[in-house]
Amino acid sequence: MRVEQQFMNYNYIPEIKSKEEQHYIRKRKRMAFFNSLCFYICRIFPIDNKLVSVCTFEGRGGFGCNPKYIIQELHNRKPDCKIIWFVNDMNKEFPDYIHKVPNTLWSRAYWLSRSKVWIDNYRKPYGTVKRKRQYYVNTWHANMGFKNIGLWRKEAFSTMAYLVSKNDSEMIDDIVADSKCIAEYFRKGLIYNGTYIMSGQPRCDILYNDRTGVKNSYRRKYNIPLDAKIVMFAPTFREGAKDGRRYVFSKTWTIDFKKMIDNLGKKFGGQWYLCVRVHPQLADAVDEYSETGLEGRIINASKEDDMYEILAAMDAYVTDYSSAAFDAMCGRIPVFIYADDIEQYTHDRGSLIWNLSSDTDSEVYMNHNVTKYDAELPFSIAKNNDELEKNILLFNKEVYEKLVENMENSLEYVKGGRASEKVVVAVINKMNE
């Protein structure tokens, strides 16, 4: 099913709202121009057909997300490839076959100008310039989710954000997608009018396959019983919480973790542990958190690079609006949404992909102002602890898995756990051209 033309206006430019914003944009354009000169200077170096440059989360990430699984598969198939990985923190750890380099202007200009292949899950900095014969595949860091991105955010999407997005998208040759629906959504969400690798998400390959080994390994890592059960709490990052001391739990979240753990035990049996993964900027606050009755049962996974090795070890997943909920469902992991600020968050984002509301007992369908695809959300939603308790205790595995299957069929998902292989085949074909 294709989206009507009114949803394809990816060339719309957000309005500049003030003189201050206008001055800021001019400043960024001047900086981008001088940055681009570095790339043009580095064109004196030839393109190396075996060189691949990778970056995650603008250099903040390490060996994780979709690029990790693509690079692992690429190395297995073509071990003579040379892999460069840009990082802000040179203490990040990588396999021996990866050469980490600083994510600085001249470092990017030199290595990107020489690389045949670029792989990224975010945006390239404004002023980056790609050469002919280079191949840029963007995996993005979320496919199906709750919150809107790009032009779908309407007034909440700034002119500067538009310019950065459009500059990056015009360099991209392929975007990795997991469904026909998200491919249509990205036209306006990423301001992109190019082609896709319809492979599914490489990071979800680990979720489709047998997870027993991953589960046991994670429990040994934290010295907990192999038969223990773990729930991950992974809220989305709140952009407004940047200044001052960050109180991840006591000030921001109203969720009762002890009650949640007890209810999971009542429903599913076993001894439950809580694995917390928040944005890296908030990671230190998790170490300070304690709660009576949960001593020794809290794992802080916020500083680990790969979310998906952790997610594959989980028995349940709780979030507010994180797109990883849709990844967890690939492994048929029970997902519970705890969103205590639905109206405010919807307002802040401009709109959401799903029609969430304070009526958490009602069925939730897709926002038809965003997409003409139609599907029912497979996750229960709670806005307080009593509703979360009810949703956990009434969870029905058969109903949940049927809803997930229906949603995947409605949105034309690519399934099977072979996404890394499909992306790497496309990459090697380009390297061989």
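Quick caveat, the model's predicted, so the values are computed rather than measured. (Residues numbered from 1 in each chain as written. Predicted model: local features only at pLDDT ≥ 70, side-chain atom pairs only at ≥ 80, totals over all residues. Heavy atoms only, no water.)

Caption draft 1: Highlighting the pairing of strand β8 (residues 229–233). In terms of burial, β8 is largely enclosed, as 4 of its 5 residues are buried. Across 5 bridges, β8 lies against strand β9 (residues 272–276) in parallel orientation. Paired with M232 across the bridge in β9 is C275. Alignment of β8 against strand β11 (residues 316–319), held across 3 bridges, turns out to be parallel. Looking at the pairing, M232 lines up with Y317 of β11. (Buried < 20%, exposed > 50% of the residue type's maximum accessible area, 1.4 Å probe, protein only. Helix = DSSP H or I, 4+ residues; strand = E, 2+ residues; numbered from the N terminus. Pairing = 2+ DSSP bridges.)

Caption draft 2: Expanded view of the pairing of strand β12 (residues 335–338). Residues of β12 alternate between two faces, with V335 and I337 on one and F336 and Y338 on the opposite face, all of them buried. Where β11 and β12 come together, 3 bridges link them in parallel fashion. Bridge pairing links V318 to F336 in β12. Pairing of β12 with strand β13 (residues 380–382), which is carried by 3 bridges, proceeds in the parallel orientation. Within β13, the residue paired with I337 across the bridge is I381. One crossover worth recording links β12 to the parallel β13 by way of helix α12 (residues 342–349), and it is right-handed. (Right-handed = clockwise from strand over helix to strand, strands pointing away.)

Caption draft 3: View of the packing of aromatic side chains. Under the defined criterion, the tally for this structure stands at 23 aromatic pairs. Aromatic pair Y122 and W140: ring centres 5.7 Å apart, planes at 25°, arrangement stacked. On the criterion of sequence distance, the pair formed by Y122 in the loop between β4 (115–120) and β5 (135–138) and W140 in the loop between β5 and α4 (159–169) is long-range, its members being 18 residues apart. Centroid distance F146 to F326: 5.1 Å. Interplanar angle 50°. Geometry classified as tilted. Highlighted residues: F146 in the loop between β5 and α4 and F326 in helix α11 (residues 324–328), separated in sequence by 180 residues. Judged by its relative accessible area of 1%, F146 is buried. (Phe/Tyr/Trp six-rings, centres within 6.5 Å; stacked < 30°, edge-to-face > 60°.)

Caption draft 4: Up close: a nonpolar patch on the surface. On the surface, F33, F34, L37 and Y40 cluster together to form a nonpolar patch covering roughly 430 Å² of accessible area. Inspection of the secondary structure assignment puts F33 in helix α1 (residues 19–41). F33 gets classed as partly exposed once you look at its relative accessible area, which sits at 47%. (Patch = residues over 30% accessible without salt bridge, like charges linked within 9 Å, V, L, I, M, F, W, Y side chains within 5 Å. Areas by Shrake-Rupley, 256 points an atom, 1.4 Å probe, with all protein chains shown as cover. Salt bridge = Lys/Arg side-chain N within 4 Å of Asp/Glu carboxyl O.)

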